[in-house]
Structure formats: C-alpha cells, structure tokens
Amino acid sequence: MLELDTNTHSVFLLYYHLVLVVKYRRKVFDSIISNRAKVIFEYIMPKYKITLMEWNHDIDHVHILFRSHPKSEISKFINVYKSASSRLLKKEFPQIRLKLWKEYFWSQSFCLLTAGGAPLSIIKQYIESQGNE
C-alpha cells in the first residue's frame with residue numbers, strides 16, 4: 001500500500017527524479033564532493049517542503065530522487081540549490097576551479113522527471129473506464 005502525503009484539503013504523492021550535470025560535463029565528482037553537495041541539498045530542502053529519498057553521483061552529474069508538496073516551487077528550489085551549492089563547492093574544494101574556471105558549477109539545464117505510481121497506460125485505461133459499469 002502506498003503511503004500518501006496529506007495536508008488539510010488534499011492527498012498527494014509526488015516523486016521527482018532530478019539530474020544535474022556539471023558545466024561542460026567536467027569530471028569533478030567523487031564521494032566527498034557528492035556528500036557535501038547532498039548536505040547542501042538537505043539543508044535547503046525543508047524550506048521548500050521537499051524530502052530526499054535517494055542520492056547518487058557519477059563523475060560529471062548527480063541523480064536525486066525526492067518527494068515534494070504540491071505547493072513546492074520546484075524550479076525555484078532547483079535554482080536556489082544550484083546557486084548555493086556552486087558557490088560553496090567551489091569555495092570548499094579549490095581543485096574544482098582548475099576544471100571549471102568560470103563562475104558556474106552546474107550546467108544551466110537540468111532533467112526533471114516525475115517518478116513513481118502506475119504506468120501511464122494503466123492510468124489512461126482507468127480514466128477511460130470511469131462511468132462504465
């Protein structure tokens with residue numbers, strides 16, 4: 001059984017898969033830098049009613065699975081996170097500046113996908129069957 005989130009007037013379950021890529025796909029991530037990026041994410045997320053579910057990295061990008069509230073301003077959260085983490089990671093890990101000589105850490109673009117729940121074909125079939133006995 002799914003554990004749904006609730007507030008006063010609604011029930012919801014919103015999962016997102018976010019992929020953030022380092023500018024120019026520079027190979028800067030290791031476990032230490034990824035863990036610090038995760039801590040920054042966890043520090044910012046409560047203000048936006050976001051809950052981290054899973055985090056992992058490759059050498060040039062991170063994958064993040066999170067839950068959110070319907071009123072969460074997800075694009076604003078992502079921009080705040082990218083800005084804060086860029087500034088802090090470059091300050092705390094000077095070796096990053098050797099690979100990223102300009103001001104940006106993250107690529108301007110990102111990938112955000114909804115995740116979880118039933119496949120679209122099942123949802124479509126369910127909606128089509130409404131009103132039929």
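To be clear, the structure that these remarks concern was listed above.
The text that follows walks through the structure, step by step, so that each part is easy to find.

Thresholds, definitions, all that
- Residues numbered from 1 in each chain as written.
- Predicted model: local features only at pLDDT ≥ 70, side-chain atom pairs only at ≥ 80, totals over all residues.
- Heavy atoms only, no water.
- Axes fitted to C-alpha atoms, helices over the stretch in contact; angles between N-to-C directions.
- Helix = DSSP H or I, 4+ residues; strand = E, 2+ residues; numbered from the N terminus.
- Parallel < 35°, antiparallel > 145°, perpendicular 65-115°, else oblique.
- Left-handed = near helix turned anticlockwise from the far one by under 90°.
- Contact = heavy atoms within 4.5 Å.
- Expected span 1.5 Å × (residues − 1).
- Buried < 20%, exposed > 50% of the residue type's maximum accessible area, 1.4 Å probe, protein only.
- Phe/Tyr/Trp six-rings, centres within 6.5 Å; stacked < 30°, edge-to-face > 60°.

Examining the packing of helix α1 (residues 31-44) against helix α2 (residues 74-92)
Moving on, step 1. At a minimum axis distance of 10 Å, the contact between α1 and α2 shows a crossing angle of 140 degrees. Taken together, the axes of α1 and α2 lie oblique to each other. The way α1 lies across α2 gives a crossing that is right-handed. For the pair α1 and α2, contact is made by Ile-33, Arg-36, Ala-37, Lys-38, Ile-40, Phe-41 and Ile-44 and by Phe-77, Val-80, Tyr-81, Ala-84, Ser-85, Leu-88, Leu-89 and Glu-92, respectively.

With respect to α2
Because each turn of an α-helix spans 3.6 residues, side chains separated by three or four positions in sequence point in the same direction.
Moving on, step 1. For α2, spanning 19 residues, the distance from its first C-alpha to its last is 26 Å, which sits close to the expected 27 Å at 1.5 Å a residue.
Moving on, step 2. Of all the positions in α2, only Ile-74, Phe-77, Ile-78, Tyr-81, Lys-82, Ala-84, Ser-85, Ser-86, Leu-89 and Lys-90 are classed as buried.
Moving on, step 3. Considering only its buried residues, α2 is in contact with β3 (14-22), α1, β4 (50-57), β5 (61-68), α3 (95-99) and β6 (106-115).

Side note on the packing of aromatic side chains
Moving on, step 1. Counting across every chain of the model gives twelve aromatic pairs.
Moving on, step 2. The interplanar angle of 85 degrees and the centroid separation of 5.8 Å between the aromatic rings of Phe-29 and Phe-105 together place this pair among those described as edge-to-face. In this pair, Phe-29 is assigned in the loop between β3 and α1 and Phe-105 in the loop between α3 and β6, connecting sequence segments 76 residues apart.
Moving on, step 3. What makes Phe-29 buried here is its relative accessible area of 5%.
Moving on, step 4. On the basis of relative accessible area, Phe-105 is assigned to the buried category, the value being 1%.
Moving on, step 5. Ring geometry for Phe-41 against Tyr-81: centres 5.3 Å apart, planes inclined by 75 degrees, an arrangement best described as edge-to-face. Remark: Tyr-81 occurs in helix α2 and Phe-41 occurs in helix α1; sequence separation between them is 40 residues.
Moving on, step 6. Since its relative accessible area comes to 0%, Phe-41 is described here as buried.
Moving on, step 7. In this structure Tyr-81 comes out as buried when scored by relative accessible area, which is 1%.
Moving on, step 8. Taken together, the ring pairs in this structure connect Tyr-16, Phe-29, Phe-41, Tyr-48, Trp-55, Phe-66, Phe-77, Tyr-81, Phe-105 and Trp-106 into an aromatic cluster.

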